[in-house]
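# Fold and contact review
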Amino acid sequence: MELETNIYEKIKEYSAEGETLFFDGRFSEALTEYNKAFDLIPEPKHRWEASVWLIAAIGDCYFWLKDFAASLEYFRKLMAEYEEYGNPFTRLRYGECLYETGNEQLAKEHLLAAYSMEGRELFEECDVKYLRIISDLL
């Protein structure tokens, strides 16, 4: 199913602004734009592909804002409701959030899965501690 053109165009507009702000390191402002876009998606939101990338973008903003608990909830939603187990970025970010919120064992599982899918290059921009915790499993 496709979103109505005018809604989709507005979602793309907010998302593009969010992306620009994100890459400028203005994560709180990017979060606002991504949330505006997400709010435009009709219910049930899980039916629309745009939900997946917006949830990931929102979760990523929270990650960079170091609100790991909030970020974890968004990546948990991607895993549970959208079954994004095959997405290396989702598995990486989910694993990082799990680690930061004290669930090191489950974090290892997801970080290792991300590594298995994408390899070391996925971890290049990450804190080395995330690669270090799975190094004994490689």
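What counts and how
Residues numbered from 1 in each chain as written. Predicted model: local features only at pLDDT ≥ 70, side-chain atom pairs only at ≥ 80, totals over all residues. Heavy atoms only, no water. pLDDT = per-residue confidence, 0-100. Helix = DSSP H or I, 4+ residues; strand = E, 2+ residues; numbered from the N terminus. Disulfide = S-S within 2.5 Å. Buried < 20%, exposed > 50% of the residue type's maximum accessible area, 1.4 Å probe, protein only. Contact = heavy atoms within 4.5 Å. Expected span 1.5 Å × (residues − 1). Axes fitted to C-alpha atoms, helices over the stretch in contact; angles between N-to-C directions. Parallel < 35°, antiparallel > 145°, perpendicular 65-115°, else oblique. Left-handed = near helix turned anticlockwise from the far one by under 90°. Nonpolar A, V, L, I, M, F, W, Y, C, P; charged D, E, K, R; others polar. Core = buried A, V, L, I, M, F, W, Y, C linked by side-chain atoms within 4.5 Å.

## Focus: the confidence of the model for the protein
- Of all residues in the protein, 99% have pLDDT values of 70 or greater, and the mean over the chain is 95.
- At the low end of the mean pLDDT range in the protein sits helix α7 (residues 128–132), at 95; at the high end sits helix α2 (residues 27–40), at 98.

## Some remarks on the state of the cysteines
- For the structure on display, the rule yields 0 disulfides.
- In this structure C97 is not part of a disulfide, and its nearest cysteine sulfur, from C126, lies 11 Å away.
- Overall, the relative accessible area of 0% leaves C97 in the buried class.
- On the basis of relative accessible area, C126 is assigned to the buried category, the value being 15%.

## Structural notes on the side chain of H110
- With respect to the element layout, H110 can be found in helix α6 (residues 104–118).
- Residues contacting H110, with those up to four places away along its chain left out, are M79, Y85, R91, Y94, G95 and L98.

## Topic: helix α4 (residues 68–80)
- Between its terminal C-alpha atoms α4 stretches 18 Å, which fits the 18 Å expected from 13 residues at 1.5 Å a residue.
- Taken residue by residue, α4 has F68, A70, S71, L72, F75, L78 and M79 as its buried positions.
- Taken together, the buried residues of α4 touch α3 (49–64), α5 (88–100) and α6.

## Description of the packing of α3 against α4
- Two numbers describe how α3 lies on α4: the axes approach to 7 Å, and their chain directions differ by 160°. Considering the angle they form, α3 stands roughly antiparallel to α4. For α3 against α4, the interelement crossing comes out left-handed. Taken together, the residues of α4 that come into contact with α3 (itself represented by V52, I55, A56, I58, G59, D60, Y62 and F63) are F68, A70, S71, Y74, F75, K77 and L78.
- In the contact of α3 with α4, the residues fall into 11 nonpolar, 2 polar and 2 charged.

## Considerations on the nonpolar core
- Ranked by size, the top nonpolar core spans 43 residues in total, and within it Y34, I41, L54, L92, L111 and F123 carry the most contacts.
- Every element with two or more residues in this core is listed here: α1 (5–23), α2, α3, α4, α5, α6 and α7.
- Of all the elements, α3 adds the most residues to this core, at 9 residues.
- Beyond its immediate chain neighbours, meaning those up to four positions away, Y34 contacts S15, G18, E19, F22, L54, A57, I58 and C61.

## With respect to the environment of R26
- Inspection of the secondary structure puts R26 in the loop between α1 and α2.
- In sequence terms R26 and K66 are 40 residues apart; their C-alpha atoms lie 13 Å from each other.

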